[in-house]
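# Residue-level structural notes
Spelled out, the chains give:
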Amino acid sequence: MIWKLVNFSALLIGALTSPTPSPSPNTNTDEGPCRIYSSGRSADCLGRQLNSVPWRQFPSTLEDIDLSYNKLQAVDASDFLRLPQLRILKLQYNNISHIDKDAFKNNLLLEYLNIFNNSLQEIPATALTPLLNLKELYMSNNIYKHATLADSFSKFVKLQVLSMGGPLVMGLKKADFQSLKNIKLLGFAIKCSSNLSYYEPGSLEVIQTMQMSFDMAIDQQPKALPLMLRDLANKTFSVIQFRNLFEFMYYMGEEDIFRDLKYITAHQLIFHRGKFNENLMRMALINLQVTPIKSLKLQYIDFARSPTFVDSGAGSSITDLVLDKLDLWYISNPDILRFDWSFTWFNKIKELSIQFVYFNSVPCDAWTEMQRVEFLDVSNNRLKNEFIFNQLCHYKGIMPNLHTFNINNNDLTSLKDMSSLTREFQQLQVLDFSNNKLGSVENSQECIWQKNITRLIAHHNQFVSEALLCLPTTVHYLDLSYCNLDQLNMAYFEKATNLKELLLSGNKIKFIPSKWESPSLQSLALDGNSFGLISKASFQDMPQLSHLRAGNNPYHCTCELHAFVQDTLSKGKVNLTDWPLNYRCYHPEPLLNTVISKYFPGQVACDIRLVIIISVATTAAVILILMLICYIFDLPWYTKATYQIIRARYRAHKENAAGELGTFTYHAFISYSHSDADWVRDQLLPFLENRNPYRLCIHERDFMPGRWIIDNIIDNIDSSRKVIFVLSRHFINSDWCNYELYFAQQRSMGKTFSDVILVVKEPIDPSSLPSKYCRLKKMLSNKTYLEWPQQVNQQVFFWAQLKSALGKPTMTREGRHSVKSRNSSMECVSVIGPEIEDRRPEVENPNADKAGPQNNILNKNNFIMTNQILITTYAILDFTLGQWDSVTSEPGPRTSWAQYYCTNINCRTEMCSQLQTAMENLITVFHSYSGKEGDKYKLSKAELKSLLQGELTDFMAASKDPMVVEKIMKDLDENQDGQVDFQEFVVLVAALTVACNEFFEDFDKSSKEDQGSKEA
């Protein structure tokens, strides 16, 4: 209300111009300097640097034209001739010096005319005469010298506001305003020269108005003020304003120029600008004590004490100033607050507003003098904690009637000091400390507030969430907007049970707590924060909530947000006051800036029940498909087998940890069907165990009693050098055999199944095998297997091949006690043996491709060992080795197997003993050189050279080739391992022996031929 009065008063004196109306949405711009809008009813030509009125662009429908702030110099008769509907015309701030007498003759509906601040040298009475509907006329601040109004002004019976005068009006005469004596105005403003020369009594006596404004300086004519006040006596005004009353000097006279103020009835008295000293202040206030004026405003006053002022100590003369409102704004000197060294003049003020005075202390007596103040506003004064709160002051019982305390826009930092200051304000209900620097943790502790505070305004501070606990909990209204809050302290809101309206706009709150309990909250503002999620659960503990403002947040457009919006809008209990334009999607990126009201997610995505049904159905379908796949590819069987392996491995690990370490005692693990057990017992075992030193395991004899069958199988497979599978139709149909094959596969992972020997007892078509035998199919297709011949004469070669695959039967350590483990119902039997090193060379044919003209002694045609000879040799050696084992196991000197063979075996020919000796010598020579370095069963290059030089001296001496050893080494080393094993060595000896035999045969033949020649 105060500012409205001030603005209107300024308007009366021409200092304030009316604003340009806002254009309506229905706008169109025509070619030309002006903007035509509102369907041709308004024209905006403001500030277009126009030298003349662009009347050709104006449509005849115009009602409002703004031509202010241009360079117009005249208004011609044709400028507005075609605008009969014109009602508002703004021509202020131009350079108009002439207005044609017929300028407005066709504008009879004109109600508002503003020609303020132009260059008119006389009042354009003739031009204004047709404007009988004129309500507001602003023509002050022109350069006419007299303020006399023509008689035609008496016809302006609808006139409400009149502003006139200018800097060249030197005074007022009694006849100047006689034409207005029958017109009741709402506002009248008169401006005169800053050097008023004369004032005739009665000049303003005829003026009837509610608001009177004087813009004139009485520096040279201070006695004119009592005359003007006398002309206003016995009248009632809402506002009387004096502008620049003393513009250049302070009043030093002793005459009371405000003595007639007591005869005036007015609601508000305003002194705007001007120079005041303590003398003029005292005169004005003393007279105000006896007037019915209830509001006083001093703004932009230049206050200074007189150089001759002396404080007599008699106390203030202003003791009975009763005002409803006192405003002290923009005072240049804060000493005006105690112009007579006392604050007594505040004693009976109800509303006291001190702004932009910038005082830097509040003496203790100032608080005690403001006993009747109910509203105190000390905002915009740069106050600090120590300025407003003095630790030395005693605040007990002060400000007993204060109910509103406004201290915003200062430099306060301590909530604790604020609470200490206001806790004695017994009637305090409204506290405003917005736009300060409050809210730090260190200055927000041990706060004790007056319990009557119900309204707290704290926006634009720097609060941390912990500082909220220092705020009063009795409030009904709390404004914490723009306080840089990043989270809410629920401990405070649990205590603030009476809170009804909460403003949290413009903070940085990142999430809304789901358990926010506020039983009394009715209005909540959360717009302009940083949270993106909001749901129905966010406000379910606020039963009284009816208004919610939550726009301008970076929302994540999800089903939860959609459900909240739909639920809120459908129920209608909570009104989203800024819906829908301020609610937009921020995430996900494809929905950026999408209005949430247009966001409609799919039903499947948001209906949790439908999602569950689809998920369950999909899961069930996947499970069924997996079960079908498992059934087709026997995955349950493989899973069960893998489980058994893991269990067995775990049990073996526990046994090893307990110190029960097993020994590897078997050469081979044999897997076969129970239906093939007779063949295994009658054929396989006798040949490998009785006639050869192999140690095998069969379940009937060698499984450890008390252990799990799976454990026995896995443990013995891991301890075996080879695994023999006796394949038959019964094997394929046996689950136990299937387990053993799978375990062998797992053990051989990455070894190319070199330790697996397949013995096909009866013909099997690989394509007829079940799918779970895919690896067996591959082995039968890619791996050489042994097939048991039905013809007896072919079985010898089968055994030789099997022994060759098993490797050399080196000795093994004594195995564990063997017992029967499976019952007769089991389909498959297993035999397990420890892993041993195979040193027996493979039986291979010499590489004929490497034979050349110089090494034809190695040619395949020169040395051939047939399979039949090989079989016979193995049969003899098996028998001999068996006997030799029994002898070497007894105490005494150990003999070689060849010595034993020659000594104990009865030969059928005379050459037997010599041949056996030659064989023994051949072996002894080889091993006497092979054991010196590297592999003791093979000759390195150095060892071969040493052997040749030591045992074949003549042969080496006869050769002139220095690379003979390298060539022999290259020819003998068929497997390209850089060493010569015994078999390769025997090839060399045999080749040399054959060559020698052929030499001697040729020599013998040639000798006989020579002898025959001699005899002839």
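Residues numbered from 1 in each chain as written. Predicted model: local features only at pLDDT ≥ 70, side-chain atom pairs only at ≥ 80, totals over all residues. Heavy atoms only, no water.

## Overview of the overall build of the protein
Of regular secondary structure, the protein possesses 26 helices and 39 strands. In the protein, which comprises 1016 residues, the proportion classed as buried is 46%. Within the protein, counting contacts between residues at least 6 apart in sequence, those at least 24 apart form 67% of the total. Total accessible area computed for the protein in this model is approximately 50300 Å², and 53% of it derives from carbon and sulfur atoms. (Helix = DSSP H or I, 4+ residues; strand = E, 2+ residues; numbered from the N terminus. Buried < 20%, exposed > 50% of the residue type's maximum accessible area, 1.4 Å probe, protein only. Contact = heavy atoms within 4.5 Å. Areas by Shrake-Rupley, 256 points an atom, 1.4 Å probe, with all protein chains shown as cover.)

## Considering the state of the cysteines
The final tally for this structure, using the stated rule, is four disulfides. Disulfide pairing places Cys34 opposite Cys45 at an S-S distance of 1.9 Å. Between Cys34 and Cys45, the S-S torsion sits near 120°, and that sign places the bridge as right-handed. Of this pair, Cys34 sits in the loop between α1 (2-12) and β1 (35-37) while Cys45 sits in the loop between β2 (42-44) and β3 (64-66), and the two are eleven residues apart along the sequence. A residue is classified by how much of its surface remains accessible, and Cys45, at 0% relative accessible area, is buried. (Disulfide = S-S within 2.5 Å.)

## Some thoughts on unusual backbone geometry
Here the bond from Trp579 into Pro580 is cis, since omega is 5°, no more than 30 degrees from zero. Its location among the elements puts Pro580 in the loop between β30 (575-576) and β31 (585-587). For the peptide bond that leads from His587 to Pro588, omega is -10°, which places it in the cis range. For Pro588, the position within the fold is in the loop between β31 and α10 (603-606). The phi dihedral of Phe356 is positive, around 60°, even though this residue is not glycine.

## Some words on the side chain of Thr209
Within the secondary structure, Thr209 is located in the loop between β12 (198-199) and β13 (211-215). Every residue in contact with Thr209, bar those within four places of it in the chain, is listed here: Leu185, Leu186, Gly187, Phe188, Thr236 and Phe237.

## Details of the pairing of strand β34 (residues 722-727)
Burial analysis of β34 places six of its six residues in the buried class, the great majority of the element. The two faces of β34 match: Lys722, Ile724 and Val726 on one face and Val723, Phe725 and Leu727 on the other face are all buried. Sheet analysis places strand β32 (residues 668-673) next to β34, joined by four bridges and oriented parallel. By the bridge assignment for β34, Ile670 is matched with Ile724. Looking at chain direction, β34 and strand β35 (residues 756-760) are connected through five bridges and run parallel. Note that in β35 the partner of Val723 across the bridge is Val756. (Pairing = 2+ DSSP bridges.)

## Re the packing of aromatic side chains
Taken as a whole, this structure holds 37 aromatic pairs when the rule is applied. Seen from their ring centres, Phe339 and Trp345 are 5.5 Å apart, and the 80° between their planes marks the pair as edge-to-face. Given the relative accessible area of 0%, Phe339 is considered buried. Residue class for Trp345 comes out buried when judged on its relative accessible area of 1%. With a centroid separation of 6.0 Å and an interplanar angle of 50°, the aromatic rings of Phe539 and Phe564 are classed as tilted. With Phe539 in the loop between β27 (523-525) and β28 (547-549) and Phe564 in helix α9 (residues 559-571), this pair connects stretches of sequence that are 25 residues apart. A single burial state applies to Phe539 and to Phe564, both of which are buried. When the ring centre of Tyr300 is taken as origin, the NZ or CZ atom of Arg273, which lies over that ring, is 5.1 Å away. Directly above the aromatic system of Tyr358 lies the positively charged group of Arg382, at a separation of 4.2 Å from the ring centroid. (Phe/Tyr/Trp six-rings, centres within 6.5 Å; stacked < 30°, edge-to-face > 60°. Lys NZ or Arg CZ within 6 Å of the ring centre and 35° of its normal.)

## Section: helix α15 (residues 709-718)
With respect to burial, α15 is a largely interior element, eight of its ten residues being buried. Taken as a whole, α15 has its buried residues at Ile709, Ile710, Asp711, Asn712, Ile713, Ile714, Asn716 and Ile717.

## Some details on the pairing of strand β11 (residues 187-191)
On a regular strand, one side chain projects to one face of the sheet and the next to the other, so that they alternate. Counted residue by residue, β11 has five buried out of five residues, so it is predominantly covered. Here β11 shows a buried face lined by Gly187, Ala189 and Lys191 and a second buried face lined by Phe188 and Ile190. Across five bridges, strand β9 (residues 161-165) lies against β11 in parallel orientation. Bridging across to β11, Leu162 finds its partner in Phe188. Taken together, the five bridges between β11 and β13 define a ladder with parallel strand orientation. Paired with Phe188 across the strands is Met212, a residue of β13.

## Description of the packing of helix α13 (residues 677-690) against helix α19 (residues 792-806)
Taken N-terminus to C-terminus, the directions of α13 and α19 make an angle of 60°; their axes are 12 Å apart at the nearest point. Between α13 and α19, the angle falls in the class oblique. Handedness of the crossing formed by α13 with α19: right-handed. Listed contacts from α19 to Gln683, Leu684, Phe687 and Leu688 of α13 are Trp799, Leu802, Lys803 and Leu806. Its residues assigned to classes, the contact of α13 with α19 shows six nonpolar, one polar and one charged. (Axes fitted to C-alpha atoms, helices over the stretch in contact; angles between N-to-C directions. Parallel < 35°, antiparallel > 145°, perpendicular 65-115°, else oblique. Left-handed = near helix turned anticlockwise from the far one by under 90°. Nonpolar A, V, L, I, M, F, W, Y, C, P; charged D, E, K, R; others polar.)

## Points about the pattern of salt bridges
Applying the stated criterion across every chain, the model contains 20 salt bridges. Glu762 serves as the salt-bridge partner of Arg729, at 3.6 Å between the closest nitrogen and oxygen. Here Glu762 lies in the loop between β35 and α18 (774-782) and Arg729 lies in helix α16 (residues 729-732), a separation of 33 residues in the sequence. Its relative accessible area of 53% is what places Arg729 among the exposed residues. The buried category is assigned to Glu762, whose relative accessible area is 14%. (Salt bridge = Lys/Arg side-chain N within 4 Å of Asp/Glu carboxyl O.)

## Section: the confidence of the model for the protein
Chain-level pLDDT for the protein is 80 on average; 80% of the residues reach the 70-or-more range. Contacts from residues 1-27, a stretch scored under 50 in pLDDT, to residues over four places away or in other chains number 78 contacts. Low pLDDT, under 50, characterises residues 811-911; the predicted model gives this stretch 212 contacts beyond four residues in sequence or across chains. (pLDDT = per-residue confidence, 0-100.)

## Structural notes on the nonpolar core
Among the nonpolar cores identified, the biggest contains 179 residues, and Phe177, Trp367 and Phe405 are the most heavily contacted of them. Here the element with the most residues in this core is helix α4 (residues 278-288); it accounts for six residues. Not counting chain neighbours up to four residues away, the residues in contact with Phe405 comprise Trp367, Leu376, Val378, Met418, Leu421, Thr422, Phe425, Leu428, Val430, Leu431 and Asp432. Tyr666, Phe703, Tyr739 and Leu776 belong to the second largest nonpolar core, which has 28 residues in total. (Core = buried A, V, L, I, M, F, W, Y, C linked by side-chain atoms within 4.5 Å.)

## Brief notes about the side chain of Asn244
Mapped onto the elements of the fold, Asn244 is located in the loop between β14 (236-243) and β15 (265-272). Excluding anything up to four places from it in sequence, Asn244 contacts Asp215, Met216, Ala217, His272, Arg273 and Gly274.

## Re the environment of Ser728
Position of Ser728 relative to the elements: it lies in the loop between β34 and α16. Along the sequence, Ser728 and Ser675 sit 53 residues apart, while their C-alpha atoms lie 9.3 Å from each other. Ignoring anything within four residues of it in the chain, the contact list for Ser728 reads Asp676, Glu762 and Ile764. At 2.4 Å, the side chain of Ser728 and the side chain of Asp676 are in polar contact. (Polar contact = N/O pair within 3.5 Å; in protein donor to acceptor, adjacent residues only side chain to side chain.)

## Things to note about a nonpolar patch on the surface
Taken together, the side chains of Val622, Ile625, Leu626, Ile629 and Leu635 make up a nonpolar region of the molecular surface, amounting to roughly 400 Å² of accessible area. On the secondary structure map, Leu626 appears in helix α11 (residues 608-632). Leu626 gets classed as partly exposed once you look at its relative accessible area, which sits at 48%. (Patch = residues over 30% accessible without salt bridge, like charges linked within 9 Å, V, L, I, M, F, W, Y side chains within 5 Å.)

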